[in-house]
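Coordinates in review
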Amino acid sequence: MRYSILTIAMVVTATVFGQDNYNHNKFKQLKEELATPNVYRTASGAPGHMYYQQKADYLIDVTLDDENQKVTGKEVITYKNNSPDKLDYLWIQLDQNVRAKDSDTKLINSMDMGESISFGELARLHNDFDGGFKLEYVKDGKGQDLKYTINKTMMRIDLPTPLAAGATYTLKIGWWYNINNRDEIGGRSGYEYFEKDDNYLYTIAQFYPRMAVYNEVEGWQNKQFLGNGEFTLTFGNFKVNITVPSDHIVAATGTLSNASTVLTASQREKLKQAQSEYMNPVMIVDQKEAEEKEKTKAKETKTWSFSATNVRDFAFASSRKFIWDAMAVKYEGTQTMAMSFYPKEGNPLWEKYSTKVVAHTIKTYSKYTVTYPYPVAISVHSKSIGMEYPMICFNGGRPEEDGTYSERTKYAMIGVIIHEVGHNFFPMIVNSDERQWTWMDEGLNTFTQYLTEQEWERDYPSRRGPAYKIVDYMKGDKKFITPIMTNSESLFQFGNNAYGKPAAALNILRETVMGRELFDYAFKTYSNRWKFKHPTPADFFRTMEDASGVDLDWFWRGWFFTTDHVDLAIKNVEWFKIDTKDPKVEKAIAKELEAAEDVHIGITRNKTDIKQTYSEYDPSTLDFYNKYDPFEATLVDEEDYKNYLAKLDEKDIALLNSDYNYYNVEFENIGGLVMPLVLNFKFTDGTSEEIRIPAEIWRKNHENVTKVFFFKKEVESIEMDPWLETADTEMYNNNWPRKAQLSKFQLYKQRNYGWGADGRENPMQRDKRNEELKKEQK
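Here the structure is a predicted model, which means the values were calculated and not measured.

Quick word on the packing of aromatic side chains
Scanning the entire structure with this criterion turns up 62 aromatic pairs. Taken together, a centroid distance of 5.4 Å and an interplanar angle of 20° make the contact between Phe519 and Phe523 stacked. Remark: Phe523 and Phe519 occur in helix α12 (residues 516-529); sequence separation between them is four residues, near one turn of the helix. In this structure Phe523 comes out as buried when scored by relative accessible area, which is 2%. Ring centres of Tyr660 and Phe710 lie 5.4 Å apart, and the angle between their planes is 90°; this geometry places the pair in the edge-to-face category. One end of the pair, Tyr660, is in the loop between α20 (650-656) and β26 (661-669); the other, Phe710, is in strand β29 (residues 704-711), with 50 residues separating them in the sequence. The partly exposed category is assigned to Tyr660, whose relative accessible area is 24%. Taken together, the ring pairs in this structure connect Phe27, Trp439, Tyr526, Phe540, Phe541, Trp554, Phe555, Trp556, Trp559, Phe560 and Phe561 into an aromatic cluster. In this structure, Lys321 is placed above the aromatic ring of Phe194, and the distance from its NZ or CZ to the ring centre is 4.3 Å. Positioned over the ring face of Tyr278 is Lys330, at 4.7 Å from the centre of the ring.

What about the side chain of Thr355?
With respect to the element layout, Thr355 can be found in helix α7 (residues 349-368). Note on Thr355: relative accessible area 1%, which makes it buried. In this structure, Thr355 is in contact with Pro281, Asp325, Ala326, Met327, Ala338, Met339 and Ser340, ignoring residues within four places of it in sequence.

Considerations on the packing of α12 against helix α13 (residues 537-546)
Helix packing geometry: the angle between the two helix axes and the distance between the axes. With their axes 8 Å apart at the nearest point, α12 and α13 run at an angle of 135° to one another. Taken together, the axis directions place α12 and α13 in an arrangement best described as oblique. In this structure, α12 meets α13 at a crossing whose hand is right-handed. Of the residues in α13, those in contact with Phe519, Ala522, Phe523, Thr525, Tyr526 and Arg529 of α12 are Asp539, Phe540, Thr543, Met544 and Asp546. In terms of residue class, the contact of α12 with α13 is built from six nonpolar, two polar and three charged.

Description of the nonpolar core
In this structure, Phe540, Phe555 and Trp559 are the most contacted members of the largest nonpolar core, which totals 192 residues. The leading source of residues in this core is α7, at nine residues. In contact with Phe555, other than residues within four places in its own chain, are Ala505, Ile508, Leu509, Val513, Phe560 and Met675.

Regarding the environment of Lys147
Within the secondary structure layout, Lys147 lies in strand β6 (residues 147-151). Residues Lys147 and Asp158 lie 11 residues apart in sequence; the distance between their C-alpha atoms is 5.6 Å. The residues touching Lys147, leaving out its near neighbours within four places in the chain, are Arg156, Ile157 and Asp158.

Overview of the sheet that holds strand β7 (residues 154-163)
One open sheet holds the four strands; their spatial order is β6-β7-β4-β11, and the pairing between them is antiparallel. On the outer flanks of this sheet lie β6 and β11 (210-211), each paired with one strand and no other. Sheet analysis places strand β4 (residues 87-93) next to β7, joined by six bridges and oriented antiparallel. Within the sheet, the bridge partner assigned to Leu87 lies in β7 and is Leu163.

What counts, and at which threshold
Residues numbered from 1 in each chain as written. Predicted model: local features only at pLDDT ≥ 70, side-chain atom pairs only at ≥ 80, totals over all residues. Heavy atoms only, no water. Phe/Tyr/Trp six-rings, centres within 6.5 Å; stacked < 30°, edge-to-face > 60°. Helix = DSSP H or I, 4+ residues; strand = E, 2+ residues; numbered from the N terminus. Buried < 20%, exposed > 50% of the residue type's maximum accessible area, 1.4 Å probe, protein only. Lys NZ or Arg CZ within 6 Å of the ring centre and 35° of its normal. Contact = heavy atoms within 4.5 Å. Axes fitted to C-alpha atoms, helices over the stretch in contact; angles between N-to-C directions. Parallel < 35°, antiparallel > 145°, perpendicular 65-115°, else oblique. Left-handed = near helix turned anticlockwise from the far one by under 90°. Nonpolar A, V, L, I, M, F, W, Y, C, P; charged D, E, K, R; others polar. Core = buried A, V, L, I, M, F, W, Y, C linked by side-chain atoms within 4.5 Å. Pairing = 2+ DSSP bridges.

Interpretation note: all reported values are geometric properties and have no functional meaning in isolation.
Shown next as structure tokens:
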């Protein structure tokens, strides 16, 4: 690359501002987008001095009918109105009505038959399962009938007299519903049927009418449950009695309060042993015991009693197939119990990994968010599921029938356990509004899941988190992309929008924009400010800025409120060196440059092909300019140089002789998102230097910016975003000079997935067959 001569002179700059009626600056503050701070929620992102939240305590008796796959229950709800408002009515969530025959979910779900459809999809299309709540009564605390109106998945209870601020009201509700087969119609809860031994595994949730949230943000959050926007729930205390067949093992939210009644002496002793075991889980019920139970079905029942304090929900699992193991985990100066419940079909994966993954998750999340406050964390295995509740979650990840499993199955199982156990923190403790904002729990949880996966195993193959993993989504067709700040029911590409993009955004903040120290402090501050409370997006955005001292409005605006993508380009590079005015130096350089220009094929051939020019034949045609050497330093040149130096001081002379290389680099923002510029300069001597420029370089012009870089060394190449940390969607224009990029097909060929030649066997199966062939050969 040829450089240009840079003449030092006095320069006056002027800025021209365009006239517009609206401020389109990417760094405009989020004053219009965020709710005005008030006495309930402050401008710092913290709860205000008049912040309040309601409370709902539950006393529930529920029976699981293993013969008819039905749940029957009754509850007493004690509701405390901590708001300053009087309430004329109460709203109750009836989420099971999403499976009622007249459910809106069935009506609004669009579908395109296309040219082919699976049997499962076709069966779900014809599904007429009736899984809605059947209410038997709704009464007040004195047993008097209450007037109520059911609107799909919501029920309004009209109070005889308004509930005053600070007052308490008691409700009694009785109900039953049919449990859904998850294999046939899906669902966050339901049952899995095992045909070989004719047994059921129940994962039961949303099984009771639940209080809706009332606050100063939404009033009553009574938006219908349509299937995607999950749950918005009030904190309270639970006492739940669960009646099941006597040979069942039950896992549930909270602490088992009647262990002496439902557990054997041996099981109680093993459970006690597990409380001081920190490395290897203790088997409370082993596989041999579980297999024995599978052979017979008890006719008698047992009632398991659980209590839970300061939780927003309750769920349980029940089966005679359960293997049960447990261990203790120490973290942040305290400890809790990690447990797993799984059928034999989950082994050997579940026995080897589940409880250890639970323990690791609790420990790691506690480091980055809040100290886990509950007495237990449980992972339950059922096929093809991933769902979370306080202290308990339901997770998939099943080996083949022969006990082997693919690498993909292993890491998917570990990943889903981390994710679902992690939901204890978001939203079970930091209790955001899932019905409105899926990303507030799924996005923050997926980000923390990534941190936890990386601390589980070096180079863990995380599915989401790193910036480059969201690139394909962000550069896709904008007709099928919505901003993150979109209601849960209106999202295109649900997983990418609510899980992947927020996780990548937070990872970029941590690694590139804020740095780990500032980010981790702010993230932990948000988690602790809002534990056991109801945060909004504004509370999160404001806290992250308040606790770090970093203005992030540009980042929230671009990543969360728009569908812009990152495509920054190195548009042009110019090389300059200072004109020293020294005639000996500058004329020698000029002579060298002109000589380089004259080296081309025509002149080279003419020297041999033209035997004699006319001026060689007739020297009289030669004059002064044929003998004059413009590159010779004359005495006049020397005199002019001396006069020039006499006008300079020592600092000026030092700068004049510094011999720096100056590079005028023009950057272009093609995708719309402003981002930091991460640049790696490679020099001709083989060394390199990284320079990181904050996103604020775009603050006055978000389309094009130019910056001058200077080095003693000569630059050979420049690479932008060399570590793939900004989610840039086009890497070709990130290099100067341009260099070819590998195609997706070439990248695909370079990866080694460890698949068998036939593409079907997993490596464990092939290794097993290989050992068998060795034996045959012997």
